[in-house]
Amino acid sequence: DKGEFRHYMLKEIYEQPDAVARTIEMAVDSDAPSKLRDDFLQRHEALLKGIKQVQVIACGTSYHAGLVAKYWFESLTRVPCSVEVASEFRYRNPVVVDNTLVICISQSGETADTLSALRDIQKHTPAGLVSLALCNVPTSSLVRETDIFLPTLAGPEIGVASTKAFTTQLAALMLLVLKVGAVQARMTDEKLSTLLEKLQALRGQLHASLHLDAPIKVMSEHFEYKKSCLFLGRGLQFPIALEGALKLKEISYIHAEGYAAGELKHGPLALVDKDMPIVVLAPKDSMFDKLKANMQEVHARHGELFVFASEESKMVAEDRMHVVYVPEVCETLAPIVYSIPVQLLSYHVAVMRGTDVDQPRNLAKSVTVE
Ligand code: F6R
């Protein structure tokens, strides 16, 4: 039931503060917010203690969640992490070394390529292999075939374009990173408790970002007749740029590409002209000054910028530059909050263009064939 909402996608976008908070509650009690619950993944502590690297396998939006997890694993725990789309991984005879944690991320748990990639690894049984399903469907094949099940508590997702499944995947991945950091003593108690407390603030921050709905709808009017669009981000926002581009193309049918902003001058800058909208994810983080220089490169070539920034960044709208302010959030968790504006943007562009938002052409919710 869509309730008051025009589309399932919009309803699911609005469910994110609760869905993310529910997912976080698996691991943290609100009355003891600075430590992980004893029972969170407790049965699997011995397995998680032994792993030396992480391999994430997933498709589409779930793959983008994996890309964020790579930044988190490596920067917070120093456990090496690789991420690959399942349809490439399974056909290239990859090396999986001993003591690898294989994380399969899938909303449905029935994605054919992800399942096959997992089965191939299991056939070769590297020593100390631990498999984990990060999945929204507890009864799925993926959950049955893995050692550890880490659920996303998004509730059923009906819209083909994934929204709340993505942000709950991110939340659960952060919890997993913290758990690995804790059991392997790779993170100080202080660092752990700071991040856990910041996780508690997410519900409010996600709520506040939903207030951007109106200004983003206004922004979306500039996209109605566009043919192509770039999404830029750096660091933790690069995967969100990829996700923003995927959302826009799948529901509005406008060609879009996500790029690491530092790669601009290695090719895509040639595309930039006055007709090219460029969406920039610009929180005031450690990459902000570099990103600003990238934005200037675009602006100088008459590209039209649509910037999601923090107020603290003091970015202001000017000619050919539109700014929407996103609520303050710490750098580490910012990808979860910045997912909301890119979802809302693609939603409003699609509605304006009159596409079938919940059932985009040629796509299926669960891709059970390769
Ligand atoms: C995009 C989208 C798809 C899925 C992909 C993987 O909005 O929904 O890209 O993310 O088909 O599906 P799951 O997560 O079910 O394995």
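Residues numbered from 1 in each chain as written. Predicted model: local features only at pLDDT ≥ 70, side-chain atom pairs only at ≥ 80, totals over all residues. Heavy atoms only, no water.

1. Re the site of the ligand
Reasoning step 1: Surrounding the ligand, one finds 13 residues, the nearest of these being Ser 62, Ser 106, Gln 107, Thr 111 and Glu 250.
Reasoning step 2: Here Ser 106 contributes a side-chain N or O atom positioned 2.6 Å from an oxygen atom of the ligand.
Reasoning step 3: Here an oxygen atom of the ligand sits 2.9 Å away from a polar atom, N or O, in the main chain of Ser 162.
Reasoning step 4: In isolation the ligand exposes 410 Å². Once the protein is present, 89% of that is buried.
Reasoning step 5: Going through the elements one at a time, helix 4 (60-77) and helix 12 (238-252) are the ones with two or more residues in the shell around the ligand.
Reasoning step 6: The dominant element in the shell around the ligand, judged by the number of residues it contributes, is helix 4, at 3 residues. (Near = heavy atom within 4 Å. Polar contact = N/O pair within 3.5 Å; in protein donor to acceptor, adjacent residues only side chain to side chain. Areas by Shrake-Rupley, 256 points an atom, 1.4 Å probe, with all protein chains shown as cover. Helix = DSSP H or I, 4+ residues; strand = E, 2+ residues; numbered from the N terminus.)

2. Some remarks on the sheet that holds strand 2 (residues 81-85)
Reasoning step 1: The 5 strands lie next to each other as 2-1-3-4-5, forming an open sheet whose pairing is parallel. On the outer flanks of this sheet lie strand 2 and strand 5 (148-151), each paired with one strand and no other. Pairwise comparison of adjacent strand axes, ignoring direction, gives a mean angle of 20° for this sheet.
Reasoning step 2: Bridge count for strand 1 (residues 53-58) against strand 2 is 5 bridges, and the pairing is parallel. Residue pairing for strand 2: Ala 58 is matched across the bridge by Val 85. (Pairing = 2+ DSSP bridges. Axes fitted to C-alpha atoms, helices over the stretch in contact; angles between N-to-C directions.)

3. Description of the packing of aromatic side chains
Reasoning step 1: As enumerated under the stated definition, the model contains 2 aromatic pairs in all.
Reasoning step 2: Ring geometry for Phe 5 and Tyr 14: centres 5.3 Å apart, planes at 40°, overall tilted.
Reasoning step 3: Given a relative accessible area of 28%, Tyr 14 falls into the partly exposed group.
Reasoning step 4: Arranged with centres 4.7 Å apart and planes meeting at 50°, the rings of Phe 223 and Phe 306 form a pair that is tilted. Taken together, the residues span a long stretch of sequence, with Phe 223 in the loop between helix 11 (213-220) and strand 6 (228-233) and Phe 306 in strand 9 (residues 304-310) at a distance of 83 residues. (Phe/Tyr/Trp six-rings, centres within 6.5 Å; stacked < 30°, edge-to-face > 60°. Buried < 20%, exposed > 50% of the residue type's maximum accessible area, 1.4 Å probe, protein only.)

4. What about the pattern of salt bridges?
Reasoning step 1: Using the criterion set out here, one finds 18 salt bridges in the structure.
Reasoning step 2: One salt bridge in this structure joins Glu 250 and Lys 247, with 3.6 Å as the shortest N-O distance. With Glu 250 and Lys 247 both in helix 12 and 3 residues apart, the pair spans about one turn of that helix. You'll find Glu 250 and Lys 247 in the same group, each marked buried.
Reasoning step 3: Ionic pairing is found between Lys 274 and Asp 275, a salt bridge with its closest N-O pair at 3.6 Å.
Reasoning step 4: Of the residues examined, Lys 274 reaches a relative accessible area of 57% and is grouped as exposed.
Reasoning step 5: Among the residues examined, Asp 275 registers a relative accessible area of 45% and is labelled partly exposed. (Salt bridge = Lys/Arg side-chain N within 4 Å of Asp/Glu carboxyl O.)

5. Comments concerning the pairing of strand 9
Reasoning step 1: Among the 7 residues that make up strand 9, 7 are buried, leaving the element largely enclosed by the rest of the structure.
Reasoning step 2: Side chains Glu 304, Phe 306, Phe 308 and Ser 310 project from strand 9 onto one buried face, and the interleaved Leu 305, Val 307 and Ala 309 project onto a second face that is buried too.
Reasoning step 3: Sheet topology places strand 8 (residues 277-282) next to strand 9; 6 bridges connect them, and they run parallel. Its bridge partner lying in strand 9, Ala 282 is registered against Ala 309.
Reasoning step 4: For the crossover that starts at strand 8, traverses helix 13 (residues 288-300) and ends in the parallel strand 9, the hand is right-handed.
Reasoning step 5: Summarising the sheet, strand 9 and strand 10 (residues 321-326) pair through 6 bridges and their orientation is parallel. By the bridge assignment for strand 10, Leu 305 is matched with Met 321. (Right-handed = clockwise from strand over helix to strand, strands pointing away.)

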